[in-house]
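# What the coordinates show
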Amino acid sequence: MFESIHIADSLTKEKKYQELLPQLKGLTEGESDLVANLANLSAALHSSMHFFWVGFYFVKNNQLVLGPFQGTVACTRIDFGKGVCGKAWETKQIQMVDDVDGFPGHIACSSLSRSEIVLPIFNSKKEVVMVLDIDSDKLADFDETDKKYLQEVILLIEKKYE
Ligand code: SME
């Protein structure tokens, strides 16, 4: 396992992700426990990319329930189809929101959150079992680069637990 994550702040976003991905692979490959890996992935993404909030919600008994995260305290339960997270679960599509105030039904866990990306995570039957939720305190902070590389992060989890 890697002892720590090293990403220079001076790099472009794309370069940061390119350097981060092998380190995330190294961080998770020797560990079989899902929660341990999600906890470390949250911490690594939060500290290296300086996102405001990074965390996972698990699908449990027809709700999303808060899992490992880094950032301020957050809502613990989200209903199917509700908020950005519930929408990602319902549609099985990545949700990228430039301005959370313009998203109908957005659930504001923190008033500092301005933009958000949520990626559904699937099991081998293509059912959504979790979502990865990332919030930024800047408007329109997420773009196709985040989408591309965060999908790679998701794959690390999906491949390991399929
Ligand atoms: N904003 C999310 C809720 C989760 S928090 O951002 C951590 C949503 O609308 O689903």
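Further up the page is the structure itself.
What this report covers is the structure whose coordinates are included nearby. (Residues numbered from 1 in each chain as written. Predicted model: local features only at pLDDT ≥ 70, side-chain atom pairs only at ≥ 80, totals over all residues. Heavy atoms only, no water.)

Before going further, it helps to spend a moment on the overall build of the protein. Looking only at helices and strands, the protein features four helices and six strands. Reading the protein from its N terminus to its C terminus gives the helix and strand order α-α-β-β-β-α-β-β-β-α. For the protein, whose C-alpha radius of gyration is 15 Å, the value lies close to the compact-globule estimate of 15 Å for 162 residues. Projecting the C-alpha coordinates of the protein onto the three principal axes gives extents of approximately 40 × 35 × 25 Å. (Helix = DSSP H or I, 4+ residues; strand = E, 2+ residues; numbered from the N terminus. Rg over C-alpha atoms; globule rule 2.2 N^0.38 Å.)

Around the ligand there are 13 residues in total, and Val84, Cys85, Ile107, Glu116 and Asp135 lie nearest to it. Contacts to the ligand include histidine 106, whose side-chain N or O atom sits 3.2 Å from a nitrogen atom. A distance of 2.7 Å is found between a nitrogen atom of the ligand and a backbone nitrogen or oxygen belonging to isoleucine 107. Here the ligand loses 99% of its free accessible area of 310 Å² to cover by the protein chains. Judged by the proximity of its atoms to the pocket grid, the ligand belongs to the largest cavity. Sorting the residues of the shell around the ligand by element identifies strand S1 (53–60), helix H3 (83–91) and strand S6 (128–136) as the ones contributing at least two each. (Near = heavy atom within 4 Å. Polar contact = N/O pair within 3.5 Å; in protein donor to acceptor, adjacent residues only side chain to side chain. Areas by Shrake-Rupley, 256 points an atom, 1.4 Å probe, with all protein chains shown as cover. 1 Å grid on protein atoms, 1.4 Å probe; cavity = no way out; pocket = protein on both sides within 12 Å on 5 of 7 lines; lining within 4 Å. Sits in = over half its atoms within 2 Å of the grid points.)

For the rest of this paragraph, the subject is the nonpolar core. The biggest cluster of nonpolar side chains holds 28 residues, and the ones touching the most others in it are Leu24, Leu45, Leu132, Ile134 and Leu150. Those elements that place two or more of their residues in this core are helix H1 (13–29), helix H2 (34–49), S1, strand S5 (115–122), S6 and helix H4 (144–161). Among the elements that make up this core, the one with the highest residue count is H4 (six residues). Once residues lying within four places of it in the same chain are set aside, the contact partners of leucine 150 are Tyr17, Leu45, Ile117, Leu119, Leu132 and Ile134. Core analysis: the second largest hydrophobic core is formed by 18 residues, Trp53, Cys85, Ala88 and Phe103 among them. (Core = buried A, V, L, I, M, F, W, Y, C linked by side-chain atoms within 4.5 Å. Buried < 20%, exposed > 50% of the residue type's maximum accessible area, 1.4 Å probe, protein only. Contact = heavy atoms within 4.5 Å.)

Quick look at empty space enclosed by the protein now. The final tally for this structure, using the stated rule, is one cavity of 30 Å³ or more. Roughly 190 Å³ of volume is contained in the largest cavity. Where the lining of the largest cavity is concerned, the elements lending two or more residues are S1, H3 and S6. If one sorts the elements of the lining of the largest cavity by residue count, H3 sits on top with three residues. Tallied by class, residues from the lining of the largest cavity come to 11 nonpolar, five polar and four charged. (Points joined across faces, edges and corners; volume = space filled by probe spheres on them. Nonpolar A, V, L, I, M, F, W, Y, C, P; charged D, E, K, R; others polar.)

Moving on, we come to the pattern of salt bridges. For side chains of opposite charge, pairing can occur when their charged atoms come near one another. Throughout the structure, instances matching the rule amount to six salt bridges. Among the salt bridges present, the one from glutamate 29 reaches lysine 25, with a minimum N-O distance of 3.8 Å. With glutamate 29 and lysine 25 both in helix H1 and four residues apart, the pair spans about one turn of that helix. Given the relative accessible area of 46%, lysine 25 is considered partly exposed. (Salt bridge = Lys/Arg side-chain N within 4 Å of Asp/Glu carboxyl O.)

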